[in-house]
Amino acid sequence: MTRFLIALAAAGALHANPARAADAPPPHTAPDTLAQRLQPCMACHGAQGKASREGYLPRIAGKPAGYLYQQLLHFRDGRRQNATMTRLLAQQTDAYLQEMAGYFAALDLPHAAVPAQPAPADLLARGQALATQGDAARKLPACSACHGTALTGVLPATPGLLGLPRDYLIAQLGAWQTQQRRALAPDCMAQIAQALPPADVGAVAAWLAAQPVPAQQHATISAPVAAPLPCGTAAGPGGAATR
Amino acid sequence: MSGITTRWRAALAVLLLLAVLLALVTWLNLRGEEPLQPDPPTAAAPDATLIARGAYLARAGNCAGCHTARGGAAYAGGRGIDTPFGTVYAGNLTPDASGLGGWTAAQFRRALWHGRSADGRLLAPAFPYTHFTRVTRADADALWAFLRSLSPVAQANRPHALRWPYDSQAALAVWRALYFRPGAGDDGLPANATDQLKRGAYLVNGLGHCSACHAPRSLLGGSGSLGDSAGSATLPGQRWQAPSLTDPAEIGIGRRPTADWVRLLKTGLADHAAVMGPMAEVVADSTQHLAEADLQAMVAYLQALAPASAPAPTRLPSRDAVVMDRGRQLYADHCASCHGPQGQGVRGAYPALAGNPTVTLPEPGNLLQAITGGGFAPATAGNPRPYGMPPFDLPHDDLAALATWLRASWGHDAAPVSPVQVVLTR
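Model, not experiment: these values are computed from the prediction.

Draft legend 1. Seen up close, the overall build of chain B. Tallying secondary structure elements over chain B gives 17 helices and 9 strands in all. With the principal axes as the frame, chain B shows a C-alpha extent of 75 × 75 × 45 Å. Classification of the 426 residues of chain B by burial places 45% in the buried group. Long-range contacts, defined as pairs at least 24 residues apart, comprise 64% of the intrachain contacts of chain B with a sequence gap of at least 6.

Draft legend 2. The arrangement of the overall build of chain A in detail. Across its full length, chain A holds 12 helices and 0 strands. Listing the helices and strands of chain A from first to last along the sequence gives α-α-α-α-α-α-α-α-α-α-α-α. The buried share of chain A, reckoned over its 243 residues, is 38%. Taking contacts inside chain A between residues at least 6 apart in sequence as the whole, the part at least 24 apart equals 71%.

Draft legend 3. Region of interest: the confidence of the model for chain A. Residues and elements named next belong to chain A. Taken residue by residue, chain A gives an average pLDDT of 86. The fraction at 70 or more is 88%. Within the model, pLDDT remains below 50 along residues 1-21, and this stretch shows 20 contacts once partners closer than five positions in the same chain are excluded. Counted against residues more than four places away or in other chains, residues 239-243, with its pLDDT under 50, gives 10 contacts.

Draft legend 4. The arrangement of helix α7 (residues 169-179) of chain B in detail. Along α7(B), the residues that are buried comprise L172(B), W175(B) and R176(B). Around the axis of α7(B), the buried residues are gathered within 100 degrees of arc, so they sit on the same side.

Draft legend 5. Spotlight on the pairing of strand β2 (residues 86-89) of chain B. Residues and elements named next belong to chain B. Both strand β1 (residues 80-83) and β2 contribute to a ladder of 4 bridges, which runs antiparallel. When the bridges of β2 are listed, T83 appears paired with G86. Between β1 and β2, which pair antiparallel one after the other, the connecting turn spans 2 residues. In terms of strand pairing, β2 meets strand β3 (residues 161-162) through 2 bridges, oriented antiparallel. Within the sheet, the bridge partner assigned to G86 lies in β3 and is L162.

Draft legend 6. Highlighting helix α4 (residues 105-114) of chain B. Residue and element names in this part refer to chain B. Residues of α4 that are buried include every one of R109, R110, A111, L112, W113 and H114, and no others. Residues of α4 that are buried in the fold lie against α5 (129-132) and α6 (137-149). At the exit of α4 stands G115, carrying a positive phi of roughly 65 degrees.

Draft legend 7. Expanded view of the packing of helix α10 (residues 166-177) of chain A against helix α12 (residues 198-209) of chain A. Residues and elements named next belong to chain A. Their axes nearest at 8 Å, the elements α10 and α12 cross at an angle of 145 degrees. Note that α10 runs across α12; the crossing there is right-handed. Touching R166, L169, I170, L173 and G174 of α10 are V201, G202, A205, A206, L208 and A209, all from α12.

Draft legend 8. Region of the structure containing the domain arrangement of chain B. When the domains of chain B are assigned, the result is domain 1 (48-179), domain 2 (195-305) and domain 3 (321-425). Of note, the centres of domain 1 of chain B and domain 3 of chain B, computed from C-alpha atoms alone, are 38 Å apart.

Draft legend 9. Fine view of the nonpolar core. Counting 115 residues, the largest nonpolar core has L68(A), L72(A), A101(A), Y301(B) and L302(B) as its most contacted members. With 9 residues, the single largest contributor to this core is helix α12 (residues 292-305) of chain B. Formed by 30 residues, the second largest nonpolar core is a distinct cluster that contains L162(A), L164(A), L208(A) and C231(A).

Draft legend 10. Quick look at the interface of chain A and chain B. Counting residues at the interface gives 35 residues for chain A and 36 residues for chain B. Every element with two or more residues in the side of chain A that touches chain B is listed here: α1 (2-16), α3 (34-37), α4 (39-45), α6 (83-89) and α7 (94-105) of chain A.

Draft legend 11. The arrangement of the sheet that holds β2(B) in detail. Taken in spatial order, the 3 strands of this open sheet run β1-β2-β3 (chain B), and their pairing is antiparallel. Each of the sheet's edge strands pairs with one partner strand only, and the pair in question is β1 and β3 of chain B.

Draft legend 12. Representation of the environment of F392(B) within the structure. Residue and element names in this part refer to chain B. By secondary structure assignment, the location of F392 is in the loop between β9 (388-389) and α16 (396-406). A sequence separation of 18 residues divides F392 from G374, and the C-alpha atoms of the two residues are 6.9 Å apart. Excluding its chain neighbours within four sequence positions, the residues that come into contact with F392 are H334, I371, T372 and G374.

Draft legend 13. Local environment of the domain arrangement of chain A. Residue and element names in this part refer to chain A. Split into domains, chain A comes out as domain 1 (34-108) and domain 2 (119-225). For domain 1 and domain 2, the distance between their C-alpha centroids amounts to 20 Å. Each partner contributes residues to the interface: domain 1 has 16 residues there, and domain 2 has 19 residues. The residue inventory of the side of domain 1 that touches domain 2, partitioned by class, reads 5 nonpolar, 5 polar and 6 charged.

Draft legend 14. Layout of unusual backbone geometry. All names here are of chain A. The residue after L155, namely P156, is reached through a cis peptide bond having omega 5 degrees. Here P156 is to be found in the loop between α9 (143-147) and α10. Following A185, the chain continues to P186 via a peptide bond in cis, the omega torsion being -5 degrees. As for its position among the elements, P186 is in the loop between α10 and α11 (188-194). Located in the positive-phi region is Q48, a residue other than glycine, with phi close to 60 degrees. Tracing the backbone through its elements, the reader meets Q48 in the loop between α4 and α5 (65-77). The class of Q48 is partly exposed, set by 18 C-beta atoms lying within 10 Å.

Draft legend 15. Region of interest: the packing of helix α8 (residues 195-205) of chain B against α12(B). Residue and element names in this part refer to chain B. It is at 7 Å that the axes of α8 and α12 come closest, and there the two elements cross at 90 degrees. Between α8 and α12, the angle falls in the class roughly perpendicular. Facing α8, whose interface residues are Q196, L197, R199, G200, A201, L203 and V204, α12 presents D294, A297, M298, A300, Y301, L302 and A304. Tallied by class, the residues present in the contact of α8 with α12 amount to 10 nonpolar, 2 polar and 2 charged.

Parameters and conventions
For every chain, the first residue of its written sequence is number 1, and the numbers climb from 1 along that sequence. As they are written, the chains are lettered A onward and the ligands numbered 1 onward, keeping that order. For a predicted model such as this one, the threshold for reporting local features is a pLDDT of at least 70, and the threshold for listing and counting side-chain atom pairs is 80 or more; totals across whole chains, interfaces and linings nevertheless cover every residue. Working definition: helices are DSSP H or I runs of at least four residues, strands are E runs of at least two. Numbering for both runs from the N terminus. Exposure classes come from backbone-placed C-beta atoms, where a residue is buried if 20 or more other C-beta atoms lie within 10 Å of its own, exposed if 12 or fewer do, and partly exposed in between. Residues are scored as being in contact if the C-beta atoms we place from backbone atoms lie within 7 Å. Each residue carries a pLDDT score, the predictor's confidence in it, ranging from 0 to 100. Arc definition: directions from the helix axis to the C-beta atoms. At least two DSSP bridges between two strands are needed for those strands to be called paired. Orientation is described by lines fitted to C-alpha atoms, with helices fitted over the stretch in contact, and by angles between N-to-C directions that extend from 0 to 180 degrees. Handedness of a helix crossing follows the sense of rotation of the near helix relative to the far helix, less than a right angle counterclockwise being left-handed and clockwise being right-handed. Those domain boundaries reflect an automatic or database domain assignment. Think of a nonpolar core as buried Ala, Val, Leu, Ile, Met, Phe, Trp, Tyr and Cys residues chained together by C-beta atoms that fall within 7 Å. Residues were grouped as follows: Ala, Val, Leu, Ile, Met, Phe, Trp, Tyr, Cys and Pro as nonpolar; Asp, Glu, Lys and Arg as charged; and all remaining residues, including Gly, as polar. Angles are sorted into four bins: roughly parallel if under 35 degrees, roughly antiparallel if over 145, roughly perpendicular if 65 to 115, and oblique for all others.

Below, the structure is given as structure tokens:
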């Protein structure tokens, strides 16, 4: 009881004490912009989200908003695995994730020139064949059938495949093979990746990573052909909206 | 002859002792429990007001926090809760046959108040019935009405992955005999305390189950109480620590006005602090949804529990001038642009570091987590687009220097952090 009364009295005294306010430092300010709010993204994905293709991390600037939004939901809700992404996004709302996606999608920034990436000619030839023609014998569609003739993506939610690091591309196909990466059902990319032997994963990643990004780098409005297999992602976000 | 008699006597004594112990444990487990009475069939369906009240109380208890798997259906269970004894999987609370579909209201109340499942089995105390035993009959009925109103989700409960002997009913019975007292319990308030303080105590010690994290547990997992505990509690399976809410050497809840803490719980961000780690989840899923009056009551109660003055400062080892210079430089390079040259922060964006309780906690673990992990404050109705902090993956020596400098600047006087501590807590 005594302790309780002392606590109440002291709390009152502290609230009345203006000493702290008198010697307060001048206020500091921060720009009221998304670029400022989203600084954690830039730390890994590069200034303005345009990571180069030399490291591992993907460029996010200019990717379709629907695609980016789906990936943010996947990381938050456990369909893609990356401890840093999960930790950053765990307590963010659908609305804010959509805003983040829209911000990076709207950035229209030039790509750097393709760095020299030594790869055997036969590997590159195999990769080009897979990317542009597919493999009919194994019922594998060409990348370009869904990701656009120029491989720069298709709106609203199919990402471009150019300008990405080779290691990142290999890791994504591998993650789909082991179901560490998942997309909305029907998960067409899981089907495709699981039909790719390891050598073909290496080939298609090597070729894609060696291609320059065309001046018209944006995702196209519609796919060049009818979708070769059903894809839950291509229709755009719907996603598991939980909040 | 007499040797045999002595042996028999000893055996009899041991048997008697065991029987008495068994009876004691049984009695300790069953005391205060009334026989299950089937509820009288109610004519009308529960009204919307009762369901809404139940939904609010479910927020106050953050039921969904444990009973929802990441990316899963709300209240359908499946999330694994790490404990020092293994992993406990939260159950499905939706009214499906795989959830609470077959339960009665009386069985639900018994689970809240006495920690027993519909079939009478003892529940693992990761389910904080140690706290929910304080929930009133009216609130229990509102919660039940709300849970019955959810859409049924068919999702079978996953069995716990507890190590022997913690997975046995006998172990749970002994645990309950040691640590569980059904009923209202002692809130540490005088009989003539205001209604506001009583309301705060009810929320903090009941549904809010704050001490489940914010009080150190005994070796066998017995929950401490908020008022008597000192020091931070390490959260099982995590690198975060839950600071004591009442120890003046920790967050110093009595040193700031009630409104500051209410704002922190309502929005996740106050001038002097941002919530991080597991508490960000608590704010996002629970406290931001509570009425200001309830948050004020909770903070006022915690402030009333906290001893008024800080303990006398301890004699700290002197700080190395080279380390301090390095820390100052690192702050200028990495931190000052957002947190301000004098640690003053930016209102509504970046918390001040001067006077920030996370900076000066006796254990520097949360400070190091904040620097190395960065992150966003939770997105809440009051702070829907939080500013984020990048992770700073600094070398051990630099991290120690920065933390040491932060803990000695702007009037702070917290112990230096050594590179060895950094290695151990990272």
